[in-house]
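# Breakdown of the fold
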Amino acid sequence: MALVVGSATVATGMSPVVEGGLYADEIFQDGVTFTSEHDVGNAGQIQVEVYSPDNSIEPKTPGADFVNSEYANTVIDINTNNSFQKSQKVPAYVQATMPTSVLLNKTWAVTEDIRIARQKTGLAVLVSEGTVSSDNDAITAANVKEKVLALRKDLRKKHARPDVVIASVDTYSAMLEAAGKDYTPVTNDSVVATGRVGYWMGMIWVEATLLGGSFKRNNASGVATTVDTSKVELIMYDHMAFSIIDKLVMLRTIDNPNAAGALVQEEVDSGFKVTNAACVAVKKTSSDAR
C-alpha cells in the first residue's frame, strides 16, 4: 500500500491503535437476562421437562390412604439451530502493513459482529415467543409507571416472577424521566458493565438500542422467520423463563486458500427458547411515531 503525494510515493503503515466502532450494548447476560441452566453439553437439541402447577391437592383426614396419581409432564425442545458465522478476508497487501495487534483486533471485530447478530436473534425469539399485551397505548413519562405496574400485576397473577425489563431507547428515556432519584444505576457490577442497566420498581432495566429492527431467527423446525420489533416498547419477563445455549464451534485465523492473505473466522451455534410464554410480556404500541 502507498500514499501518493504530488509526484512522490510515500510508504505507509497501519496504526497499531484501532478506533472502536459503535457496537450495541450487551443485552443478554447469563444469570441476569437469561439462563443457560439447561445446557447439557454438545447436544444439538436439549429437551426440558415441564411440570404442570395445576395438580394441587385437598386436605384429607389423618391416616387416610395414599391415592397414586399418574406421571405426567410436557417436554419442550431447545434447538441449537441458529448458527452465526463470520469469515473476514485480510488481503496480503493489507496484512503486510498491519501490526500484529491490529490483526488480533480484527478477530475481536469478527466476534463483535457475531455478538450483535446473536442479540438480534435473541430479541426476535423473545418477541415472537412471548405473550403480547393487549395494551397498545404508547408509553410516555407520564404513564410509564402505570403501564409497568399493570404488566407486572398481570405476570404475578400467573405466578411469574418478573425481574427484567428490556426497553427501547424511547421507553428507557421515559422511565428515566419518570423515575428520577428512584432509579438506581448499576455501575460496579462487571456482569452488567457493558450495558445501560439499572433498577427501578424492583426490576433490572436494560436499554436495548437494537430494538426497532426486523431480525431473523430459525424456529424449532429450522425454518427462517423474520420478526419485526419496530413497535416493541418493552419486554418484561422472568429471566429463568428465557434460555440461551451457546456452542463455540471455531475461532481461528488461517491462510486464505483461494487468495493471498488470511481469513479470520468464527462460528457460534446457539439455541434460544422462551420456556414459559406466561412469564414473558411483550408491550407494543400501535403508533408509528416512536
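Residues numbered from 1 in each chain as written. Predicted model: local features only at pLDDT ≥ 70, side-chain atom pairs only at ≥ 80, totals over all residues. Heavy atoms only, no water.

## Let's talk about the overall build of the protein chain
Each helix and strand in the protein chain was counted, giving four helices and 16 strands. What you see for the protein chain is a C-alpha radius of gyration of 24 Å, clearly larger than the 19 Å of a compact globule of 290 residues, by over 25%. The principal-axis extent of the C-alpha atoms belonging to the protein chain is close to 100 × 50 × 35 Å. When the 290 residues of the protein chain are sorted by exposure, 41% land in the buried category. For the protein chain, restricting intrachain contacts to residue pairs at least 6 apart in sequence, the fraction spanning at least 24 positions comes to 78%. As presented, the protein chain carries roughly 16200 Å² of accessible surface, and 51% of it is formed by carbon and sulfur atoms. Positive and negative charge centroids in the protein chain, built from 26 and 34 side chains respectively, lie 4 Å apart. (Helix = DSSP H or I, 4+ residues; strand = E, 2+ residues; numbered from the N terminus. Rg over C-alpha atoms; globule rule 2.2 N^0.38 Å. Buried < 20%, exposed > 50% of the residue type's maximum accessible area, 1.4 Å probe, protein only. Contact = heavy atoms within 4.5 Å. Areas by Shrake-Rupley, 256 points an atom, 1.4 Å probe, with all protein chains shown as cover. Lys, Arg positive; Asp, Glu negative; His and termini not counted. Charge placed at Lys NZ, Arg CZ, Asp CG, Glu CD.)

## Focus: the sheet that holds strand β7 (residues 164-167)
A sheet is described by the order of its strands in space; here seven strands give the open sequence β6-β16-β13-β7-β10-β9-β8, paired in mixed fashion. Every other strand in the sheet has two partners, leaving β6 (131-132) and β8 (184-185) as the edge strands with one partner each. Sheet analysis places β6 next to strand β16 (residues 280-284), joined by two bridges and oriented parallel. The partner of T131 across the bridge, within β16, is A281. (Pairing = 2+ DSSP bridges.)

## Some thoughts on the sheet that holds strand β15 (residues 261-274)
The antiparallel open sheet is built from three strands, whose spatial order is β5-β15-β14. Only two strands of the sheet have a single partner each, and these edge strands are β5 (82-91) and β14 (242-255). Across the sheet, the mean angle separating the axes of adjacent strands is 10° when strand polarity is ignored. Where β5 lies against β15, 10 bridges are found, and the strand directions are antiparallel. Looking across to β15, one finds that K89 is bridged to L263. Each of β5, β14 and β15 touches helix α2 (residues 100-129); the most contacted strand, β15, lies at about 20° to it. (Axes fitted to C-alpha atoms, helices over the stretch in contact; angles between N-to-C directions.)

## Re the nonpolar core
If you look at the biggest cluster of nonpolar residues, it comprises 33 residues, and the most contacted ones within it are F28, L123, L126, I166, I235, Y237 and F242. Mapped by element, the contributors of at least two residues to this core are α2, β7, β10 (203-207), β13 (232-237), β14, β15 and β16. For this core, the element with the highest residue contribution is α2, accounting for seven residues. Setting aside residues up to four positions removed in sequence, F242 forms contacts with F28, T33, F34, T35, G122, V125, L126, Y237, F272, K273, V274 and T275. (Core = buried A, V, L, I, M, F, W, Y, C linked by side-chain atoms within 4.5 Å.)

## A look at the pattern of salt bridges
Evaluation of the coordinates by the stated rule reveals 10 salt bridges. The partner of E129 in a salt bridge is R217, with the nearest N and O atoms 2.7 Å apart. Pair noted here: E129 is in helix α2 and R217 is in strand β11 (residues 214-218), with a separation of 88 residues, a long-range link. Take E129: its relative accessible area is 17%, and that puts it in the buried class. Salt bridges linked by common partners bring E26, E112 and R115 together as one network. (Salt bridge = Lys/Arg side-chain N within 4 Å of Asp/Glu carboxyl O.)

## Looking at the pairing of strand β9 (residues 197-200)
The sheet contact formed by β8 and β9 spans two bridges and is antiparallel. Paired with T184 across the strands is Y199, a residue of β9. Where β9 and β10 come together, four bridges link them in antiparallel fashion. If you follow Y199 over to β10, its bridge partner there is I204. In this antiparallel pair of consecutive strands, β9 and β10, the connection spans two residues, and M201 shows a positive phi of 60°.

## Description of the confidence of the model for the protein chain
When the pLDDT values of the protein chain are averaged, the result is 87; 92% of them are 70 or greater. Of the regions scoring below 50 in pLDDT, residues 190-195 engages in 11 contacts with residues more than four places distant in sequence or in other chains. (pLDDT = per-residue confidence, 0-100.)

## A short note on helix α4 (residues 169-179)
Inspection of α4 places T171, Y172, A174, M175 and A179 among the buried residues, and these make up the whole buried set. For α4, the angular spread of buried residues about the axis comes to 160°, placing them on one side. On the buried face of α4, the contacting elements are α3 (144-157), β7, β9, β10 and β13. Downstream of α4 by one or two residues, G180 has phi in the positive range, about 55°. (Arc of directions from axis to C-beta.)

## Thoughts on the environment of M14
Along the chain, the position of M14 falls in the loop between β2 (8-11) and β3 (45-50). On a C-alpha basis, the gap between M14 and E112 in space is 21 Å, while along the polypeptide they are 98 residues apart. Once residues within four sequence positions are removed from consideration, M14 is found in contact with V94, T97, M98, P99 and V102.

## Remarks on the layout of surface pockets
Its volume calculated, the largest pocket comes out at about 520 Å³. Forming the boundary of the largest pocket are 19 residues, of which V50, Y51, R161, N276 and C279 lie nearest the centre. No other element matches β3, which puts three residues into the lining of the largest pocket. Of the residues assigned to the lining of the largest pocket, the class counts are 10 nonpolar, four polar and five charged. (1 Å grid on protein atoms, 1.4 Å probe; cavity = no way out; pocket = protein on both sides within 12 Å on 5 of 7 lines; lining within 4 Å. Points joined across faces, edges and corners; volume = space filled by probe spheres on them. Nonpolar A, V, L, I, M, F, W, Y, C, P; charged D, E, K, R; others polar.)

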